[in-house]
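Topology and contacts: notes
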Amino acid sequence: MPTLGELERSVMDVLWQDGVTLTAYELLDRLPGEGRKLAATTVLTVLSRLEKKGFVARERGSRPHGYRAQHSREEHMAELMHEVLGRADDRVAVLERFVGQVSAAEAQALRALLDSAQSGD
Amino acid sequence: MIPAAIFLGALALILAVPVPILLARASWPARAPGVALLLWQAVALAGGMSMIGALVVLGLAPFGSDIGAASTGLWRAVSAREAIELSRAWPVIALGAALLLGAHLVLNLALTIVASERERRRHRAIVTLLSAPLEQRRDARVIEASVPAAYCLPPVGGLSVTVLTAGLVALLDERELGAVIAHERAHLHQRHHLVTTAFTAWKLSLPWLPIASRAQAAVAMLVEMLADDRARSVADDRTLARAIVLVASGDTGGAPSREIEAPSGHAPTGITARVTRLADPRLPRGASAAVILLAIGLLAVPTALLAAPLLA
(Lines give C-alpha, C1' and ligand atoms only; values in the text may rest on other atoms or scores of the structure.)
Protein backbone atom coordinates (compact mmCIF):
# COMPACT_ATOMS: atom_id res chain seq x y z
CA MET A 1 0.00 0.00 0.00
CA PRO A 2 1.71 3.17 -1.14
CA THR A 3 2.05 6.06 1.27
CA LEU A 4 -0.12 9.13 1.08
CA GLY A 5 2.81 11.12 -0.28
CA GLU A 6 3.42 8.59 -3.03
CA LEU A 7 -0.27 8.61 -3.92
CA GLU A 8 -0.29 12.38 -4.15
CA ARG A 9 2.75 12.19 -6.40
CA SER A 10 1.16 9.61 -8.68
CA VAL A 11 -2.05 11.61 -8.97
CA MET A 12 -0.18 14.82 -9.77
CA ASP A 13 1.98 13.01 -12.31
CA VAL A 14 -1.14 11.97 -14.19
CA LEU A 15 -2.68 15.43 -14.02
CA TRP A 16 0.55 17.08 -15.09
CA GLN A 17 1.02 14.68 -17.97
CA ASP A 18 -1.12 16.45 -20.50
CA GLY A 19 -2.56 19.22 -18.38
CA VAL A 20 -5.90 17.50 -18.71
CA THR A 21 -9.03 17.65 -16.62
CA LEU A 22 -10.12 14.26 -15.38
CA THR A 23 -12.78 12.79 -13.20
CA ALA A 24 -11.70 10.64 -10.29
CA TYR A 25 -12.59 7.48 -12.22
CA GLU A 26 -10.65 8.51 -15.31
CA LEU A 27 -7.74 9.28 -13.03
CA LEU A 28 -7.98 5.89 -11.40
CA ASP A 29 -7.73 4.28 -14.81
CA ARG A 30 -4.56 6.14 -15.62
CA LEU A 31 -2.69 5.46 -12.41
CA PRO A 32 0.24 3.15 -12.97
CA GLY A 33 0.41 -0.44 -11.74
CA GLU A 34 -0.87 -0.91 -8.23
CA GLY A 35 -2.70 2.39 -8.32
CA ARG A 36 -5.49 0.96 -10.37
CA LYS A 37 -6.45 -1.31 -7.51
CA LEU A 38 -7.28 1.62 -5.27
CA ALA A 39 -10.79 2.48 -4.27
CA ALA A 40 -12.37 5.53 -5.85
CA THR A 41 -12.88 7.01 -2.41
CA THR A 42 -9.14 6.86 -1.78
CA VAL A 43 -8.48 8.80 -4.96
CA LEU A 44 -11.14 11.31 -4.01
CA THR A 45 -9.53 11.77 -0.60
CA VAL A 46 -6.16 12.36 -2.19
CA LEU A 47 -7.69 14.81 -4.65
CA SER A 48 -9.41 16.79 -1.93
CA ARG A 49 -6.17 16.98 0.06
CA LEU A 50 -4.38 18.27 -3.01
CA GLU A 51 -7.20 20.72 -3.60
CA LYS A 52 -6.87 22.03 -0.08
CA LYS A 53 -3.15 22.52 -0.55
CA GLY A 54 -3.82 24.49 -3.70
CA PHE A 55 -2.31 22.09 -6.21
CA VAL A 56 -5.53 20.86 -7.75
CA ALA A 57 -8.59 22.73 -8.97
CA ARG A 58 -12.01 21.17 -9.09
CA GLU A 59 -14.47 21.98 -11.83
CA ARG A 60 -17.93 21.76 -10.45
CA GLY A 61 -19.75 22.36 -13.73
CA SER A 62 -20.38 18.75 -14.65
CA ARG A 63 -20.98 15.70 -12.54
CA PRO A 64 -18.86 13.80 -11.72
CA HIS A 65 -16.49 16.70 -11.00
CA GLY A 66 -13.40 17.16 -13.09
CA TYR A 67 -9.99 17.77 -11.53
CA ARG A 68 -6.98 19.47 -13.01
CA ALA A 69 -3.62 20.75 -11.87
CA GLN A 70 -3.58 24.39 -10.82
CA HIS A 71 -0.02 24.94 -11.98
CA SER A 72 2.30 22.99 -14.19
CA ARG A 73 5.16 20.97 -12.83
CA GLU A 74 7.60 23.52 -14.26
CA GLU A 75 5.86 26.37 -12.48
CA HIS A 76 6.14 24.58 -9.15
CA MET A 77 9.78 23.75 -9.76
CA ALA A 78 10.48 27.35 -10.62
CA GLU A 79 8.80 28.43 -7.40
CA LEU A 80 10.94 25.99 -5.44
CA MET A 81 14.15 27.11 -7.06
CA HIS A 82 13.25 30.73 -6.61
CA GLU A 83 12.85 30.16 -2.90
CA VAL A 84 16.08 28.26 -2.64
CA LEU A 85 18.21 30.57 -4.73
CA GLY A 86 16.30 33.72 -5.32
CA ARG A 87 15.91 35.41 -1.99
CA ALA A 88 18.02 38.49 -1.91
CA ASP A 89 16.94 39.46 1.55
CA ASP A 90 16.51 36.89 4.25
CA ARG A 91 13.27 38.27 5.44
CA VAL A 92 12.03 34.95 6.57
CA ALA A 93 14.33 32.12 7.56
CA VAL A 94 12.59 29.34 5.70
CA LEU A 95 15.43 27.20 4.60
CA GLU A 96 18.77 26.42 6.07
CA ARG A 97 20.94 26.56 3.05
CA PHE A 98 24.21 25.06 2.09
CA VAL A 99 24.25 26.94 -1.12
CA GLY A 100 25.96 30.28 -1.29
CA GLN A 101 26.72 31.72 -4.63
CA VAL A 102 29.95 33.43 -5.35
CA SER A 103 31.21 35.55 -8.18
CA ALA A 104 33.12 33.77 -10.94
CA ALA A 105 36.32 35.47 -9.81
CA GLU A 106 35.98 34.27 -6.25
CA ALA A 107 35.14 30.76 -7.37
CA GLN A 108 38.31 30.72 -9.40
CA ALA A 109 40.36 31.94 -6.44
CA LEU A 110 38.84 29.28 -4.21
CA ARG A 111 39.52 26.52 -6.71
CA ALA A 112 43.12 27.69 -6.96
CA LEU A 113 43.33 27.63 -3.19
CA LEU A 114 42.09 24.06 -3.11
CA ASP A 115 44.35 22.92 -5.89
CA SER A 116 47.46 24.40 -4.29
CA ALA A 117 46.51 22.87 -0.96
CA GLN A 118 46.11 19.55 -2.71
CA SER A 119 49.48 19.66 -4.43
CA GLY A 120 51.18 21.33 -1.46
CA ASP A 121 51.23 18.32 0.79
CA MET B 1 16.85 54.71 40.37
CA ILE B 2 18.11 57.34 37.98
CA PRO B 3 21.69 56.07 38.20
CA ALA B 4 20.41 52.60 37.39
CA ALA B 5 18.53 53.97 34.39
CA ILE B 6 21.61 55.78 33.17
CA PHE B 7 23.72 52.66 33.61
CA LEU B 8 21.24 50.50 31.73
CA GLY B 9 20.96 53.13 29.03
CA ALA B 10 24.72 53.24 28.63
CA LEU B 11 24.88 49.45 28.51
CA ALA B 12 22.16 49.41 25.88
CA LEU B 13 24.07 51.92 23.77
CA ILE B 14 27.35 50.05 24.05
CA LEU B 15 25.68 46.76 23.14
CA ALA B 16 23.69 48.37 20.36
CA VAL B 17 26.57 49.79 18.34
CA PRO B 18 30.27 49.32 19.15
CA VAL B 19 30.14 45.79 20.58
CA PRO B 20 28.38 44.14 17.63
CA ILE B 21 30.56 46.01 15.14
CA LEU B 22 33.70 44.76 16.87
CA LEU B 23 32.37 41.25 17.33
CA ALA B 24 31.35 41.02 13.69
CA ARG B 25 34.86 42.02 12.63
CA ALA B 26 36.65 39.65 15.01
CA SER B 27 38.36 36.60 13.61
CA TRP B 28 38.12 34.27 16.62
CA PRO B 29 34.43 33.33 16.14
CA ALA B 30 35.35 31.15 13.16
CA ARG B 31 37.53 29.11 15.52
CA ALA B 32 34.77 28.56 18.05
CA PRO B 33 31.43 29.11 16.31
CA GLY B 34 29.31 27.54 19.03
CA VAL B 35 30.73 29.76 21.73
CA ALA B 36 30.49 32.81 19.48
CA LEU B 37 26.85 32.01 18.82
CA LEU B 38 26.25 31.94 22.56
CA LEU B 39 27.89 35.32 22.91
CA TRP B 40 25.78 36.85 20.14
CA GLN B 41 22.64 35.60 21.83
CA ALA B 42 23.80 37.06 25.14
CA VAL B 43 24.59 40.40 23.49
CA ALA B 44 21.17 40.53 21.82
CA LEU B 45 19.27 39.52 24.95
CA ALA B 46 21.24 41.78 27.26
CA GLY B 47 20.89 44.62 24.76
CA GLY B 48 17.15 44.19 24.50
CA MET B 49 16.75 43.92 28.25
CA SER B 50 18.87 47.01 28.79
CA MET B 51 16.92 49.04 26.26
CA ILE B 52 13.57 48.22 27.76
CA GLY B 53 14.93 48.15 31.30
CA ALA B 54 16.41 51.63 31.04
CA LEU B 55 13.08 53.03 29.88
CA VAL B 56 11.16 51.19 32.58
CA VAL B 57 13.45 52.29 35.39
CA LEU B 58 13.40 55.85 34.09
CA GLY B 59 9.64 55.83 33.96
CA LEU B 60 9.25 54.42 37.43
CA ALA B 61 11.86 56.67 39.02
CA PRO B 62 9.53 59.37 40.41
CA PHE B 63 7.33 56.82 42.11
CA GLY B 64 9.73 55.08 44.45
CA SER B 65 13.29 54.26 45.37
CA ASP B 66 13.43 50.81 43.83
CA ILE B 67 11.45 49.00 41.18
CA GLY B 68 9.20 47.17 43.61
CA ALA B 69 8.25 50.25 45.64
CA ALA B 70 7.98 52.38 42.50
CA SER B 71 5.62 49.95 40.78
CA THR B 72 3.38 49.93 43.83
CA GLY B 73 3.61 53.70 43.99
CA LEU B 74 2.62 54.06 40.34
CA TRP B 75 -0.24 51.62 40.73
CA ARG B 76 -1.50 53.51 43.74
CA ALA B 77 -1.30 56.82 41.91
CA VAL B 78 -3.13 55.48 38.89
CA SER B 79 -5.86 53.70 40.84
CA ALA B 80 -6.40 56.78 42.99
CA ARG B 81 -6.72 58.62 39.71
CA GLU B 82 -4.18 61.19 40.79
CA ALA B 83 -3.55 63.52 37.92
CA ILE B 84 -0.11 62.90 36.44
CA GLU B 85 1.32 66.41 36.61
CA LEU B 86 3.07 67.85 33.63
CA SER B 87 6.40 67.58 35.41
CA ARG B 88 5.82 63.86 35.44
CA ALA B 89 4.98 63.55 31.78
CA TRP B 90 8.38 62.08 30.97
CA PRO B 91 7.86 58.95 33.09
CA VAL B 92 4.67 58.27 31.19
CA ILE B 93 6.51 58.74 27.92
CA ALA B 94 9.35 56.48 29.08
CA LEU B 95 7.00 53.73 30.21
CA GLY B 96 4.98 54.06 27.04
CA ALA B 97 8.12 53.76 24.97
CA ALA B 98 9.16 50.65 26.92
CA LEU B 99 5.79 49.08 26.30
CA LEU B 100 5.87 49.95 22.60
CA LEU B 101 9.39 48.62 22.15
CA GLY B 102 8.51 45.40 23.96
CA ALA B 103 5.36 44.94 21.92
CA HIS B 104 7.26 45.74 18.71
CA LEU B 105 9.84 43.05 19.44
CA VAL B 106 7.32 40.43 20.48
CA LEU B 107 5.03 41.11 17.54
CA ASN B 108 7.86 40.93 15.02
CA LEU B 109 8.99 37.65 16.49
CA ALA B 110 5.48 36.20 16.36
CA LEU B 111 4.91 37.37 12.79
CA THR B 112 8.26 36.04 11.62
CA ILE B 113 7.61 32.66 13.17
CA VAL B 114 4.14 32.43 11.66
CA ALA B 115 5.28 33.56 8.22
CA SER B 116 8.20 31.18 8.09
CA GLU B 117 6.06 28.27 9.29
CA ARG B 118 3.56 28.96 6.56
CA GLU B 119 6.19 29.22 3.84
CA ARG B 120 7.91 26.14 5.11
CA ARG B 121 4.66 24.20 4.99
CA ARG B 122 4.04 25.29 1.43
CA HIS B 123 7.57 24.51 0.35
CA ARG B 124 7.36 21.14 2.05
CA ALA B 125 4.20 20.25 0.17
CA ILE B 126 5.80 21.05 -3.18
CA VAL B 127 8.98 19.16 -2.33
CA THR B 128 6.89 16.13 -1.47
CA LEU B 129 5.32 16.24 -4.90
CA LEU B 130 8.43 16.94 -6.91
CA SER B 131 11.09 14.88 -5.21
CA ALA B 132 12.19 11.29 -5.08
CA PRO B 133 14.31 9.60 -2.42
CA LEU B 134 18.05 9.79 -3.03
CA GLU B 135 19.07 6.37 -4.19
CA GLN B 136 20.49 4.08 -1.58
CA ARG B 137 20.06 6.68 1.11
CA ARG B 138 17.02 7.26 3.21
CA ASP B 139 18.08 10.58 4.61
CA ALA B 140 17.75 12.88 1.61
CA ARG B 141 15.54 13.59 -1.37
CA VAL B 142 16.35 14.77 -4.89
CA ILE B 143 14.51 17.24 -7.07
CA GLU B 144 14.94 17.48 -10.82
CA ALA B 145 16.73 20.80 -11.08
CA SER B 146 20.06 21.33 -12.80
CA VAL B 147 21.32 24.11 -10.54
CA PRO B 148 23.47 22.63 -7.77
CA ALA B 149 21.79 23.24 -4.47
CA ALA B 150 21.34 21.56 -1.13
CA TYR B 151 19.16 22.65 1.70
CA CYS B 152 17.07 21.34 4.52
CA LEU B 153 13.60 22.15 5.72
CA PRO B 154 13.19 22.36 9.46
CA PRO B 155 10.29 20.31 10.73
CA VAL B 156 6.80 21.44 9.93
CA GLY B 157 4.24 19.00 11.23
CA GLY B 158 6.86 16.74 12.70
CA LEU B 159 9.14 15.79 9.83
CA SER B 160 12.16 17.53 8.49
CA VAL B 161 13.77 16.86 5.13
CA THR B 162 17.10 17.35 3.38
CA VAL B 163 16.84 18.20 -0.29
CA LEU B 164 19.46 18.04 -3.03
CA THR B 165 19.10 18.95 -6.65
CA ALA B 166 19.90 16.47 -9.40
CA GLY B 167 22.48 18.98 -10.59
CA LEU B 168 24.32 18.70 -7.29
CA VAL B 169 24.19 14.91 -7.21
CA ALA B 170 25.77 14.85 -10.65
CA LEU B 171 28.50 17.26 -9.57
CA LEU B 172 29.73 15.64 -6.36
CA ASP B 173 31.22 12.27 -5.62
CA GLU B 174 29.92 9.97 -2.94
CA ARG B 175 32.07 11.32 -0.12
CA GLU B 176 31.31 14.93 -0.96
CA LEU B 177 27.61 14.16 -1.03
CA GLY B 178 27.98 12.55 2.36
CA ALA B 179 29.58 15.74 3.66
CA VAL B 180 26.78 17.90 2.28
CA ILE B 181 24.06 15.71 3.75
CA ALA B 182 25.85 15.61 7.11
CA HIS B 183 26.02 19.40 7.03
CA GLU B 184 22.31 19.74 6.41
CA ARG B 185 21.39 17.19 9.02
CA ALA B 186 23.50 19.11 11.53
CA HIS B 187 21.29 22.14 10.90
CA LEU B 188 18.25 20.03 11.64
CA HIS B 189 19.70 18.19 14.58
CA GLN B 190 20.95 21.32 16.29
CA ARG B 191 17.75 23.16 15.42
CA HIS B 192 19.52 26.15 13.94
CA HIS B 193 16.30 27.46 12.48
CA LEU B 194 15.23 28.51 15.97
CA VAL B 195 18.12 30.87 16.41
CA THR B 196 18.20 32.12 12.81
CA THR B 197 14.48 32.86 12.89
CA ALA B 198 14.86 34.76 16.17
CA PHE B 199 17.68 36.87 14.79
CA THR B 200 15.82 37.49 11.53
CA ALA B 201 12.94 38.86 13.58
CA TRP B 202 15.38 40.87 15.67
CA LYS B 203 16.82 42.43 12.51
CA LEU B 204 13.35 43.14 11.21
CA SER B 205 12.62 45.00 14.45
CA LEU B 206 15.74 47.16 14.55
CA PRO B 207 17.20 47.15 11.06
CA TRP B 208 19.36 50.21 11.57
CA LEU B 209 21.06 49.06 14.76
CA PRO B 210 24.24 46.99 14.39
CA ILE B 211 23.19 44.83 17.34
CA ALA B 212 20.47 43.46 15.10
CA SER B 213 21.74 43.85 11.53
CA ARG B 214 25.29 42.58 12.12
CA ALA B 215 24.01 39.94 14.48
CA GLN B 216 21.73 38.37 11.89
CA ALA B 217 24.51 38.16 9.32
CA ALA B 218 27.03 36.83 11.84
CA VAL B 219 24.64 34.22 13.24
CA ALA B 220 23.77 32.97 9.75
CA MET B 221 27.46 32.44 9.05
CA LEU B 222 28.23 30.87 12.45
CA VAL B 223 25.44 28.40 11.98
CA GLU B 224 26.97 27.33 8.65
CA MET B 225 30.31 26.86 10.34
CA LEU B 226 28.75 24.79 13.10
CA ALA B 227 27.18 22.54 10.49
CA ASP B 228 30.51 22.31 8.68
CA ASP B 229 32.14 21.17 11.91
CA ARG B 230 29.65 18.33 12.17
CA ALA B 231 30.29 17.37 8.56
CA ARG B 232 33.94 16.97 9.47
CA SER B 233 33.05 13.89 11.46
CA VAL B 234 32.05 12.06 8.28
CA ALA B 235 34.44 13.60 5.77
CA ASP B 236 37.99 14.88 5.81
CA ASP B 237 38.61 18.61 5.50
CA ARG B 238 39.68 18.45 1.88
CA THR B 239 36.50 16.66 0.86
CA LEU B 240 34.42 19.13 2.80
CA ALA B 241 36.25 22.11 1.31
CA ARG B 242 35.73 20.77 -2.21
CA ALA B 243 32.07 20.17 -1.50
CA ILE B 244 31.61 23.71 -0.19
CA VAL B 245 33.30 25.26 -3.21
CA LEU B 246 31.64 23.02 -5.79
CA VAL B 247 28.20 23.67 -4.45
CA ALA B 248 28.80 27.41 -4.38
CA SER B 249 30.56 27.76 -7.69
CA GLY B 250 28.43 25.39 -9.69
CA ASP B 251 26.34 28.24 -10.86
CA THR B 252 28.65 31.15 -11.46
CA GLY B 253 26.19 33.32 -13.28
CA GLY B 254 28.06 36.18 -11.71
CA ALA B 255 25.49 36.39 -8.96
CA PRO B 256 26.99 38.19 -5.98
CA SER B 257 27.53 36.30 -2.79
CA ARG B 258 24.37 36.15 -0.81
CA GLU B 259 25.43 34.28 2.23
CA ILE B 260 26.79 37.17 4.19
CA GLU B 261 26.87 40.91 3.90
CA ALA B 262 30.59 41.30 4.20
CA PRO B 263 31.46 44.61 5.80
CA SER B 264 33.27 46.65 3.20
CA GLY B 265 36.63 45.20 2.40
CA HIS B 266 37.39 43.52 5.69
CA ALA B 267 36.00 40.07 6.20
CA PRO B 268 36.06 37.59 3.35
CA THR B 269 32.73 36.55 1.98
CA GLY B 270 31.04 33.50 3.38
CA ILE B 271 32.36 30.72 1.19
CA THR B 272 35.98 31.78 1.46
CA ALA B 273 35.66 32.14 5.22
CA ARG B 274 34.12 28.70 5.55
CA VAL B 275 36.89 27.09 3.54
CA THR B 276 39.88 28.88 5.03
CA ARG B 277 38.74 28.35 8.60
CA LEU B 278 39.05 24.58 8.15
CA ALA B 279 42.80 25.04 8.35
CA ASP B 280 42.69 27.17 11.50
CA PRO B 281 43.12 25.64 14.94
CA ARG B 282 40.23 25.67 17.33
CA LEU B 283 40.11 28.31 20.03
CA PRO B 284 41.92 27.13 23.18
CA ARG B 285 39.65 25.89 25.93
CA GLY B 286 40.60 28.70 28.25
CA ALA B 287 39.54 31.32 25.75
CA SER B 288 36.27 29.51 25.05
CA ALA B 289 35.51 29.31 28.75
CA ALA B 290 36.27 33.01 29.11
CA VAL B 291 33.80 33.86 26.35
CA ILE B 292 31.11 31.71 27.95
CA LEU B 293 31.68 33.47 31.28
CA LEU B 294 31.50 36.81 29.50
CA ALA B 295 28.18 35.84 27.95
CA ILE B 296 26.76 34.80 31.30
CA GLY B 297 28.05 37.97 32.93
CA LEU B 298 26.57 40.11 30.21
CA LEU B 299 23.15 38.61 30.80
CA ALA B 300 23.49 38.73 34.56
CA VAL B 301 23.98 42.49 34.73
CA PRO B 302 20.64 43.78 33.46
CA THR B 303 18.88 40.79 35.02
CA ALA B 304 20.31 41.60 38.42
CA LEU B 305 19.50 45.29 38.14
CA LEU B 306 15.93 44.64 37.14
CA ALA B 307 15.00 41.56 39.07
CA ALA B 308 16.91 41.82 42.32
CA PRO B 309 14.85 44.63 43.88
CA LEU B 310 11.72 42.67 43.06
CA LEU B 311 13.05 39.61 44.83
CA ALA B 312 14.49 41.43 47.85
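In this text, all values refer to a predicted model and were calculated from it rather than measured experimentally.

Things to note about the overall build of chain A
Along the backbone of chain A there are five helices and three strands. Looking at chain A as a whole, 41% of its 121 residues qualify as buried. The contacts of chain A with a sequence gap of at least 6 include a subset with a gap of at least 24, amounting to 41%. In the structure as shown, chain A presents an accessible area of about 6700 Å², 50% of it carried by carbon and sulfur atoms.

Focus on the layout of surface pockets
Within this model, the largest pocket holds a volume of roughly 900 Å³. Around the largest pocket sit 30 residues that line it, and G5 of chain A together with R124, T128, R141 and L159 of chain B are the ones nearest its centre. For the lining of the largest pocket, the secondary-structure elements that each account for two or more residues are α1 (4-18) and α3 (40-53) of chain A together with α5 (89-130), β4 (159-165) and α7 (174-189) of chain B. Among the elements that make up the lining of the largest pocket, the one with the highest residue count is α5 of chain B (six residues).

Observations regarding the pairing of strand β1 (residues 56-59) of chain A
Residues and elements named next belong to chain A. Bridge count for β1 against strand β2 (residues 66-69) is four bridges, and the pairing is antiparallel. Counterpart to A57 in the pairing with β2 is R68. The hairpin turn running from β1 into β2, its antiparallel successor, is six residues long.

Describing unusual backbone geometry
With a phi close to 55°, R191 of chain B is a non-glycine residue in the positive phi region. Note on placement: R191 of chain B falls in the loop between α7 and α8 (192-205).

A word on the environment of E74 of chain A
Structurally, E74 of chain A is set in helix α4 (residues 73-85). The spatial distance from the C-alpha of E74 of chain A to the C-alpha of W16 of chain A is 9.6 Å, given a sequence separation of 58 residues.

What to know about the packing of α8 of chain B against helix α9 (residues 210-231) of chain B
Any two packed helices are characterised by the angle at which their axes cross and by the distance between the axes. All names here are of chain B. Between α8 and α9, the shortest axis-to-axis distance is 8 Å and the interhelical angle comes to 165°. In terms of orientation, α8 and α9 fall into the roughly antiparallel class. Relative to α9, the crossing made by α8 is left-handed. Here H192, V195, T196, F199, T200, W202 and K203 of α8 come into contact with α9, specifically with I211, A212, S213, A215, Q216, V219, V223, L226 and A227. Its residues assigned to classes, the contact of α8 with α9 shows 10 nonpolar, five polar and one charged.

Things to note about the nonpolar core
Here is a general trend for soluble globular proteins: nonpolar side chains tend to be buried in one another's company. Ranked by size, the top nonpolar core spans 39 residues in total, and within it W40, M51, F199, W202 and I211 of chain B carry the most contacts. When neighbours within four sequence positions are excluded, F199 of chain B is seen to be in contact with W40, Q41, A44, A215, Q216 and V219 of chain B. Counting residues in hydrophobic clusters, the runner-up holds 37 residues, among them V56 and L85 of chain A together with L153 and V163 of chain B.

Some remarks on the pattern of salt bridges
Residue and element names in this part refer to chain B. Throughout the structure, instances matching the rule amount to 17 salt bridges over all chains. A salt bridge links E176 to R242; the nearest nitrogen and oxygen atoms lie 2.9 Å apart. On the criterion of sequence distance, the pair formed by E176 in helix α7 and R242 in helix α10 (residues 237-249) is long-range, its members being 66 residues apart. The exposure class assigned to E176 is buried, which follows from its relative accessible area of 4%. Classification of R242 by relative accessible area gives partly exposed; the value is 31%.

Examining the packing of α1 of chain A against α3 of chain A
All names here are of chain A. Viewed as axis vectors pointing N to C, α1 and α3 meet at an angle of 80°, and their least axial separation amounts to 10 Å. Classified by the interaxial angle, the pair formed by α1 and α3 is roughly perpendicular. Every residue of α3 that contacts α1 at L4, L7, E8, V11, M12 and L15 is listed here: T42, V46, L47, R49, L50 and K53.

Examining the environment of W40 of chain B
All names here are of chain B. With respect to the helices, strands and loops of the structure, W40 is situated in helix α3 (residues 33-60). For the pair W40 and T165, spaced 125 residues apart in the sequence, the C-alpha separation amounts to 33 Å. Ignoring anything within four residues of it in the chain, the contact list for W40 reads P20, L23, A24, F199, R214, A215, A218, V219 and L222.

Quick word on a nonpolar patch on the surface
All names here are of chain B. A surface patch of nonpolar side chains, about 360 Å² in accessible area, is lined by I2, I6, L58 and W90. Secondary-structure assignment places I6 in helix α1 (residues 2-16). Residue I6 is classed as exposed on the basis of its relative accessible area, which comes to 58%.

Description of the confidence of the model for chain B
All names here are of chain B. Chain-level statistics for chain B give a pLDDT mean of 86 and a share of 89% at 70 or above. The model gives residues 251-268 a pLDDT under 50, and that stretch makes 38 contacts with residues more than four places away or in other chains. As scored by the predictor, the complex reaches a pTM of 0.85 and an ipTM of 0.76.

Brief notes about the side chain of R141 of chain B
Note on placement: R141 of chain B falls in strand β2 (residues 141-143). No salt bridge is formed by the buried R141 of chain B. Its closest oppositely charged neighbour is E6 of chain A, at 7.2 Å. At 2.7 Å, the side chain of R141 of chain B and the side chain of S131 of chain B are in polar contact. Other than its neighbours up to four places away in sequence, R141 of chain B contacts R9 of chain A together with S131, A132, P133, L134, V161, T162, V163 and L164 of chain B.

What to know about the pairing of β4 of chain B
For a regular strand, side chains alternate in direction, first toward one face of the sheet and then toward the other. Residue and element names in this part refer to chain B. Within β4, five of the seven residues are buried, which leaves the element mostly enclosed by the surrounding structure. Bridging between β2 and β4 involves three bridges; their strand directions are parallel. Bridging across to β4, R141 finds its partner in V163. Pairing analysis gives five bridges linking strand β3 (residues 150-156) to β4, with the strands arranged antiparallel. Paired with Y151 across the strands is V163, a residue of β4. With antiparallel pairing between neighbouring strands as the criterion, β3 and β4 make up a hairpin whose turn holds two residues, including G157 at a positive phi of roughly 70°.

Reading guide: rules and limits
- Residues numbered from 1 in each chain as written.
- Chains lettered and ligands numbered in written order.
- Predicted model: local features only at pLDDT ≥ 70, side-chain atom pairs only at ≥ 80, totals over all residues.
- Heavy atoms only, no water.
- Helix = DSSP H or I, 4+ residues; strand = E, 2+ residues; numbered from the N terminus.
- Buried < 20%, exposed > 50% of the residue type's maximum accessible area, 1.4 Å probe, protein only.
- Contact = heavy atoms within 4.5 Å.
- Areas by Shrake-Rupley, 256 points an atom, 1.4 Å probe, with all protein chains shown as cover.
- 1 Å grid on protein atoms, 1.4 Å probe; cavity = no way out; pocket = protein on both sides within 12 Å on 5 of 7 lines; lining within 4 Å.
- Points joined across faces, edges and corners; volume = space filled by probe spheres on them.
- Pairing = 2+ DSSP bridges.
- Axes fitted to C-alpha atoms, helices over the stretch in contact; angles between N-to-C directions.
- Parallel < 35°, antiparallel > 145°, perpendicular 65-115°, else oblique.
- Left-handed = near helix turned anticlockwise from the far one by under 90°.
- Nonpolar A, V, L, I, M, F, W, Y, C, P; charged D, E, K, R; others polar.
- Core = buried A, V, L, I, M, F, W, Y, C linked by side-chain atoms within 4.5 Å.
- Salt bridge = Lys/Arg side-chain N within 4 Å of Asp/Glu carboxyl O.
- Patch = residues over 30% accessible without salt bridge, like charges linked within 9 Å, V, L, I, M, F, W, Y side chains within 5 Å.
- pLDDT = per-residue confidence, 0-100.
- Lys, Arg positive; Asp, Glu negative; His and termini not counted.
- Polar contact = N/O pair within 3.5 Å; in protein donor to acceptor, adjacent residues only side chain to side chain.

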